[in-house]
Amino acid sequence: MLRGVPVVPGVQYAPVVRPGRLPVVEDTAAEIADADRPAEAARFSAAATAVATRLRDRAAHSTGAASEVLAATATLAQDRAWLGAAEKRIAGGTPAVRAVREAVAQFVDLFTKMGGLMAERVTDLQDIRDRVLAELSGLPEPGVPLPMVPSVLCAEDLAPADTAGLDPTLIVALATTLGGPTSHTAIIARQLGIPCVVAVDGLDAVPAGAFVLVDGTAGTVTVGPDEVAAAEAVAAARHEAERAAHWAGPGATADGHAVAILANVQDGAAARAARETPAEGVGLFRTELCFLNRDTEPTVDEQAEIYGEVLDAFAGHKVVVRTLDAGSDKPLKFAGHRDEANPALGVRGIRIAHGNPGILERQLAGIAAAAARTGTRPWVMAPMIATAGEAKDFAAAARRHGLTPGVMIEVPAAALLADRILEHVDFLSIGTNDLAQYTMAADRMSADLALLTDPWQPAVLALVAMTVRAGAAAGKPVGVCGEAAADPTLACVLAGLGVTSLSAASAAVPGVGARLAQVTLQQCRDAAEAVLATATAAEARAAALAALG
Ligand code: PEP
Ligand code: MG
């Protein structure tokens, strides 16, 4: 089972197809003679125009996001910046094929350094390059094959022009090795309504023709699963999807017990996408993901701008901004990480601020500035809190900036002393991904240990229960923002334990809300009680399913 980032929910089982690659186009090593340069420039210009025209034609024959994506790619194909860079090289004697490669490489480098949305446009530019190279070389345009049977399209990343023309009856799911939730692959998959998982580790090794089960809610691709079980999973998901599509929020059990259903986001674009779901707010804004490509710390103003986008998207609603969770699997270049033997147990999350208090201060200033500009009152929380002292210091710093402080419960020590932590902060949010990792002493990145890091582990749920009890005693909200909240059945158990909000990837929001709406609070409580009496994750799941019906 390969893991990635879930983008569009749904489950499909079908054979893999892969897009055709551009055959290697040889560089003509020789310099172009002076006299031949105008002709070479004209050949290049004609090729670029032909590619742009074809993209525009396809835009005209498409609708909605597909049309917009194709039109945007056509515009990029005619962008003076990269065309000029290629023309300059041709004027200096570089053959058109090499000039195109070099000019595109120059802009790919620039976009990658800029990070964020610009970096996600790299695939678009490379797609244009391949089309222009094919045109220059008299080769057919590269792209997606038309399969004979419904298939799962797997690729390193998909170019917009490929995905925009897809027929959802033939391409029933998408999975890519690269890409983010705002990549064009994701945008088009959402429009087509086909399950999609991006950033799938190990997908490159899955050959065309292999049967895979793509789960766009869980973010997994299972290679060669049991055929009968796969068919059942597809049927069950279709049934759930029909129900989820009709769920409009707000989050509540069938008998009206409210549990806010919130979204996890990592930037403005993701927040705007989340706004299209019935999510009632943002329960986790992972700010560190905005800066993974940055060499230097963003200024307070830059941070305010970026955070403001998320606050704007959910103006008038709850937004919980998490301060930088740098370190371990998410190192930030500007956080000054040292080499550590065990980075998951090292200087990550709030611990960064111990040696570098300015980084937290400037982030809180950025969040406060974004709040002032947008007229919103975001909550802020610190990751990786282990002691009440850390919670106290963080709360004081946040309050100095006029922000409402809370902390994440991700370390067993924090769950065990949640009552003492709650003396300092206004809310808790349980990160079940790390709580499972640290409770079970099992690396969350290790596929071999996935059974141990399963959030259904009763030991993990016992710590969740303890944390929630402390919150109830203090009269303060306790949410869950780890992946546990994205599992509709487990979400009901969490509601039964008493959590006040559930925050999950946007794609999971309708499924969680719809499932909760089918069960009563008593059923959730029975499920929670049953789960806490089990000894294994499998028993816990079975006990919950039995109690929830
Ligand atoms: C978690 O640990 O559950 C969590 C939500 O934080 P992250 O996944 O970003 O570490
Ligand atoms: Mg975490």
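Residues numbered from 1 in each chain as written. Chains lettered and ligands numbered in written order. Predicted model: local features only at pLDDT ≥ 70, side-chain atom pairs only at ≥ 80, totals over all residues. Heavy atoms only, no water.

Looking at an unreviewed UniProt entry, one finds the protein named Phosphoenolpyruvate-protein phosphotransferase, with Mycolicibacterium monacense as its source organism. If you open the UniProt record of the protein and go to Sequence similarities (unreviewed entry), you find "Belongs to the PEP-utilizing enzyme family." Under Subcellular location (unreviewed entry), UniProt gives the following word-for-word description of the protein: "Cytoplasm". (UniProt positions renumbered as here; feature names shortened; annotations may be inferred.)

### Considering the pattern of salt bridges
Applying the stated rule across the entire model yields 27 salt bridges. Between Asp-109 and Lys-113 there is a salt bridge whose closest N-O contact spans 3.2 Å. Residue Asp-109 and its partner Lys-113 are both found in helix α4 (residues 96–114); the two are separated by four residues, about one turn of the helix. Judged by its relative accessible area of 41%, Asp-109 falls in the partly exposed class. For Lys-113, a relative accessible area of 56% puts it in the exposed group. Among the charged side chains, a network of salt bridges with common partners joins Glu-288, Arg-322, Asp-325, Lys-330, Arg-348, Asp-434 and Arg-444. (Salt bridge = Lys/Arg side-chain N within 4 Å of Asp/Glu carboxyl O. Helix = DSSP H or I, 4+ residues; strand = E, 2+ residues; numbered from the N terminus. Buried < 20%, exposed > 50% of the residue type's maximum accessible area, 1.4 Å probe, protein only.)

### Details of the sheet that holds strand β14 (residues 427–430)
Overall, parallel pairing links the eight strands, which are arranged β9-β10-β11-β12-β13-β14-β15-β16 in a closed barrel. Pairs of neighbouring strands in the sheet enclose a mean axial angle of 25°, with direction left out of account. Bridge analysis of strand β9 (residues 260–265) against strand β10 (residues 281–286) gives three bridges, and the strand direction is parallel. Residue pairing across strands places Val-265 opposite Phe-285, the latter belonging to β10. Contacts from helix α14 (residues 388–400) reach β12 (379–382) and β13 (404–409) within the one sheet, and its direction differs from that of β13 by about 150°. (Pairing = 2+ DSSP bridges. Axes fitted to C-alpha atoms, helices over the stretch in contact; angles between N-to-C directions. Contact = heavy atoms within 4.5 Å.)

### What to know about the packing of helix α19 (residues 488–497) against helix α21 (residues 521–532)
Running from N to C, α19 and α21 cross one another at 95°; their axes reach a closest spacing of 7 Å. Relative to α21, the element α19 lies roughly perpendicular. Taken together, the residues of α21 that come into contact with α19 (itself represented by Cys-492, Val-493, Ala-495, Gly-496 and Leu-497) are Leu-521, Cys-524, Arg-525, Ala-527, Ala-528, Val-531 and Leu-532. Considered class by class, the residues forming the contact of α19 with α21 number ten nonpolar, one polar and one charged. (Parallel < 35°, antiparallel > 145°, perpendicular 65-115°, else oblique. Nonpolar A, V, L, I, M, F, W, Y, C, P; charged D, E, K, R; others polar.)

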